[in-house]
Amino acid sequence: MPEKLTPPVRYPHNDEPAQQEKTSKSKKARREFARDKGETVVKANKKFGFAKVKADLFVTGGIDIPFFALTVVILAIGLVMLFSASYPYSYFMRGNSYHYFLRQLIFAVFGVAVMLFVSKLNFKIFKAAAPYLLGVTLLLLVVVLFYHTSVSTDEGEAFRRYMKIPGTPLTFQPSDIAKFTLITTLATYFTLYYKKLKSFTYGLLFPAGIIGVHCLLIAAENHLSGTIIVGLIGLSLIYASVTGKGNKRIFFIGFGFLVAIVLVMFMFPEIFPKYIQTKLEAFNNKDFEPLGARWQTNNSLYAIGSGGFFGLGLGNSKQKYLYVSQPQNDFIFSIVCEELGFIGATVIILLFAALVIRGLMIALRSPDRFASLTVIGIMVQVGVQVVFNIFVVTDSIPNTGIALPFFSYGGTALVMLLFEMGVVLGISRKANQRKVIEE
């Protein structure tokens with residue numbers, strides 16, 4: 001027996017390289033098996049940036065088919081109704097019955113192409129670009145106050161909403177870009193400071209400052225509807241974020257502040273610009289200038305009432321013959337009600353409701369907090385515009401000039417809306433990836 005025990009020596013096994021090769025083949029086999037089953041296989045990449053490889057910029061996986069189908073169906077119905085509502089006004093103003101329809105059709109085709117391309121992008125691009133997008137958008141909102149196509153009101157004020165694209169006859173509204181910018185900015189902010197949202201400073205003060213800057217700049221354009229939409233988008237994202245941290249008090253403080261602004265607007269209208277005072281007076285006093293400020297609203301109600309239950313039939317509206325002012329824009333839904341009736345209008349409302357609900361379902365299945373908040377913000381934008389537009393044409397709220405998504409005429413607004421639908425579809429691709437194999 002030896003006097004001293006020595007620890008055993010471990011000698012390398014000859015089959016270790018073979019074992020490593022076996023493990024490597026096993027991973028490869030699992031990936032091939034997953035592909036055969038139709039599952040999406042991606043490689044994990046903990047870093048992300050603009051200088052990464054193409055695989056980082058584009059995502060695989062199937063888009064959400066119901067959401068895509070609803071978008072295309074609503075867009076198609078919107079184009080048909082735009083032509084039906086606009087051709088008398090288009091002929092009278094432009095000498096061409098197809099002027100508004102053809103322009104909108106071109107923007108729709110281009111917008112669908114943009115939507116399909118954006119749906120392939122990794123949504124993290126928008127998170128990385130959020131600070132740059134915020135800077136560019138705020139710059140545009142300032143520039144449009146000085147460089148714009150001015151449209152004067154009867155009260156002598158100017159709508160400074162549209163900016164001409166140099167070298168082209170096209171114009172665009174920076175406020176349309178600002179809606180998406182606010183969504184991505186707040187989604188990024190709430191993702192980065194999620195653990196601090198219980199505090200008043202991080203939960204309300206900072207995000208309210210971001211929202212307030214956007215609202216003040218848009219309000220300076222004399223753009224009431226854009227200010228309302230941006231404010232409600234911001235409030236909804238605050239609610240979606242802070243309530244998740246169990247701090248509803250912060251949201252109700254912000255909501256109370258919004259209610260206070262509305263009450264002040266109705267109780268002391270003289271402190272607001274003249275064009276807002278006129279809208280409030282026309283809403284409160286139904287006999288106020290029936291041939292002036294109430295003309296469009298009154299004829300909208302006539303159109304809705306004459307449509308009845310089944311409508312007068314597609315193309316058979318009477319109010320679109322220069323009674324409803326610019327029927328291709330904010331009051332297009334009144335022509336929809338006149339031609340398609342209560343049943344047709346209800347079907348369109350249900351389609352919009354299905355689109356918003358489907359979008360919120362995608363948000364619930366989104367891979368991370370930024371993606372979820374981004375989808376929520378976009379769906380709130382669509383839902384608010386639909387609800388407020390219908391309230392306006394039915395004289396339930398003052399005329400604020402809110403367009404009906406996918407229906408109202410406006411090329412850049414339509415392209416921007418389809419761009420946002422592409423963002424939702426891109427996020428749905430990540431949500432539909434059933435299995436991820438890390439390597």
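Per chain, the residues get numbers from 1 upward, laid out in the order the sequence is written. For this predicted model, a pLDDT threshold of at least 70 governs which residues receive local features, and a threshold of 80 or more governs which side-chain atom pairs are given and counted, while totals over whole chains, interfaces and linings are taken from all residues. To get the side-chain values, take all heavy atoms of the structure and skip hydrogens and water.

Quick look at the overall build of the chain now. Helix and strand assignments follow DSSP, with helices taken as H or I runs no shorter than four residues and strands as E runs no shorter than two, numbered in order from the N terminus. The helix and strand tally for the chain stands at 14 helices and four strands. The proportion of buried residues among the 439 residues of the chain is 46%. Contacts are assigned to residue pairs that have any heavy atoms within 4.5 Å of one another. Taking the contacts inside the chain whose residues are at least 6 apart along the sequence as the reference set, 72% of them involve residues at least 24 apart. All accessibility values rest on the Shrake-Rupley procedure with a 1.4 Å probe; residue burial counts only the protein chains present in the view. In the form shown here, the chain has an accessible surface area of approximately 22,500 Å², with 66% of it arising from carbon and sulfur atoms. Categorising residues by exposure relies on relative accessible area from a 1.4 Å probe, with only protein chains included: less than 20% of the type maximum marks a residue as buried, more than 50% marks it as exposed, and the intermediate range marks it as partly exposed.

What follows is about the pattern of salt bridges. A pair is scored as a salt bridge if a Lys or Arg side-chain nitrogen falls within 4 Å of a carboxyl oxygen belonging to Asp or Glu. Scanning the model with the defined rule gives five salt bridges in all. With a shortest N-O distance of 3.0 Å, Glu339 and Lys320 are connected by a salt bridge. Residue Glu339 is located in helix α12 (residues 332-364), and its partner Lys320 is located in the loop between α11 (295-307) and α12; the two are separated by 19 residues in the primary sequence. Just as Glu339 is buried, Lys320 falls in that class too.

Attention shifts here to the environment of Phe388. Here Phe388 is to be found in helix α13 (residues 369-393). Note on Phe388: relative accessible area 21%, which makes it partly exposed. Each C-alpha atom, one on Phe388 and one on Ser225, is 9.2 Å from the other, the two residues being 163 residues apart in sequence. Leaving out residues up to four positions away in the same chain, Phe388 has contacts with Ile228, Leu232, Ile397 and Ile402.

Only C-alpha atoms enter the line fits that serve as axes; for helices the fit covers just the stretch in contact. Angles between N-to-C directions range over 0 to 180 degrees. Their axes nearest at 10 Å, the elements α12 and α13 cross at an angle of 165°. With respect to their mutual orientation, α12 and α13 come out roughly antiparallel. α12 and α13 meet at a crossing whose hand is left-handed. Residues Phe333, Ile349, Phe352, Leu355, Val356, Gly359, Leu360 and Ala363 of α12 pack against Ser372, Val375, Ile376, Met379, Val382, Gly383, Val386, Asn389, Ile390 and Val393 of α13. Residues are grouped as follows: Ala, Val, Leu, Ile, Met, Phe, Trp, Tyr, Cys and Pro are nonpolar; Asp, Glu, Lys and Arg are charged; every other residue, Gly included, is polar. Residues belonging to the contact of α12 with α13 are distributed by class as follows: 14 nonpolar, four polar and no charged. Angles are sorted into four bins: roughly parallel if under 35 degrees, roughly antiparallel if over 145, roughly perpendicular if 65 to 115, and oblique for all others. Handedness of a crossing is defined here by the sense of rotation of the near helix relative to the far one, left-handed for an anticlockwise turn of less than a right angle and right-handed for a clockwise turn.

Like charges are joined within 9 Å and nonpolar side chains (Val, Leu, Ile, Met, Phe, Trp, Tyr) within 5 Å, but only among residues with over 30% relative accessible area and no salt bridge; these make up the patches. On the surface, Phe252, Phe255, Val259, Leu263, Val264, Met267, Phe268 and Ile271 cluster together into a nonpolar patch covering about 760 Å² of accessible area. The residue Phe268 is located in the loop between α9 (248-267) and α10 (274-284) in this model. Overall, the relative accessible area of 40% leaves Phe268 in the partly exposed class.

Bringing the packing of aromatic side chains into the picture now. A pair of aromatic rings is counted whenever rings of Phe, Tyr or Trp (Trp by its six-membered ring) have centres within 6.5 Å, and the orientation is called stacked for planes under 30 degrees apart, edge-to-face for over 60 and tilted otherwise. With the rule as written, the count across this model stands at 18 aromatic pairs. An angle of 70° between the planes, with centres 5.4 Å apart, marks the rings of Tyr189 and Phe190 as edge-to-face. Judged on exposure class, the residue Tyr189 and its partner Phe190 are both buried. Taken together, Tyr189, Phe190, Tyr193, Tyr202 and Phe206 form an aromatic cluster joined through their ring pairs. Against the face of Tyr194 rests Arg369, its NZ or CZ located 3.4 Å from the ring centre. Geometrically, a charge over a ring is one whose NZ (Lys) or CZ (Arg) sits within 6 Å of the ring centre while staying within 35 degrees of the ring normal.

Turning to unusual backbone geometry, a few remarks are in order. One non-glycine residue, Asn222, lies in the positive phi region at around 60°. Its location among the elements puts Asn222 in the loop between α7 (200-219) and α8 (224-242). For Asn222, a relative accessible area of 9% puts it in the buried group. Residues other than glycine seldom take positive phi values, yet Phe406 does so here, at roughly 70°. On the basis of relative accessible area, Phe406 is assigned to the buried category, the value being 3%.

To continue, consider the layout of surface pockets. What the second largest pocket holds in volume is close to 1,100 Å³. For the lining of the second largest pocket, the elements supplying multiple residues, two or more each, are α7, α8, α9 and α10. The residue inventory of the lining of the second largest pocket, partitioned by class, reads 26 nonpolar, seven polar and one charged. In this analysis, the protein atoms alone were mapped onto a 1 Å grid. Cavities are point sets where a 1.4 Å probe fits without being able to get out; pockets are open sets with protein on both sides within 12 Å along at least five of seven lines; lining residues have an atom within 4 Å of a point. Grid points are joined across faces, edges and corners, and a volume is the space filled by probe spheres set on the points.

Between helix α5 (residues 124-143) and α7, the least distance of the axes is 9 Å, while the angle of their chain directions is 25°. With respect to each other, α5 and α7 are oriented roughly parallel. Helix-helix and strand crossings are classified by hand; for α5 and α7 the assignment is left-handed. Between α5, through Leu134, Leu138, Leu141 and Val142, and α7, the contact on the second element is made entirely by Val213, His214, Leu217 and Ile218.

With that out of the way, let us pick up α8. Helix span, expected: 1.5 Å multiplied by one less than the number of residues in the helix. The first and last C-alpha atoms of α8 sit 27 Å apart over 19 residues, in line with the 27 Å expected at 1.5 Å per residue. Most of α8 is tucked away: 16 of the 19 residues are buried.

This brings us to the confidence of the model for the chain. This prediction gives the chain a mean pLDDT of 81; 80% of its residues lie at or above 70. The predictor rates its confidence in each residue with pLDDT, a number between 0 and 100. Low pLDDT (under 50) marks residues 36-55, which in the prediction has 32 contacts with non-local residues, meaning those over four places away or in another chain. Here residues 434-439 is a poorly scored stretch, pLDDT under 50, and it has 16 contacts once near neighbours within four places are set aside; other chains count.

What follows deals with the nonpolar core. Buried residues of nine kinds, namely Ala, Val, Leu, Ile, Met, Phe, Trp, Tyr and Cys, make up a nonpolar core once their side-chain atoms join them within 4.5 Å. By size, the foremost hydrophobic cluster in this structure holds 83 residues, and its most contacted members are Phe352, Phe406, Phe407 and Met421. Sort the elements by how many residues they give to this core and α13 lands first, with 14 residues. Ignoring sequence-local partners within four residues, the contact set of Phe352 consists of Ile74, Val382, Val386, Leu404, Pro405, Phe406 and Phe407. Core analysis: the second largest hydrophobic core is formed by six residues, Leu224, Met265, Tyr275 and Leu280 among them.

The α-helix winds at 3.6 residues per turn, so residues separated by three or four positions along the chain end up facing the same way. Look at α5: 29 Å from first C-alpha to last across 20 residues, which is about the 28 Å you get at 1.5 Å a residue. Along α5, the sharpest kink reaches roughly 55°, centred on Ala130 and followed within four residues by the proline Pro131. Within α5 the residues assigned to the buried category are Ile125, Phe126, Ala130, Thr137, Leu140 and Leu141. Note on bend: the value at a residue is the angle between axes fitted to the seven residues ending there and to the seven starting there.

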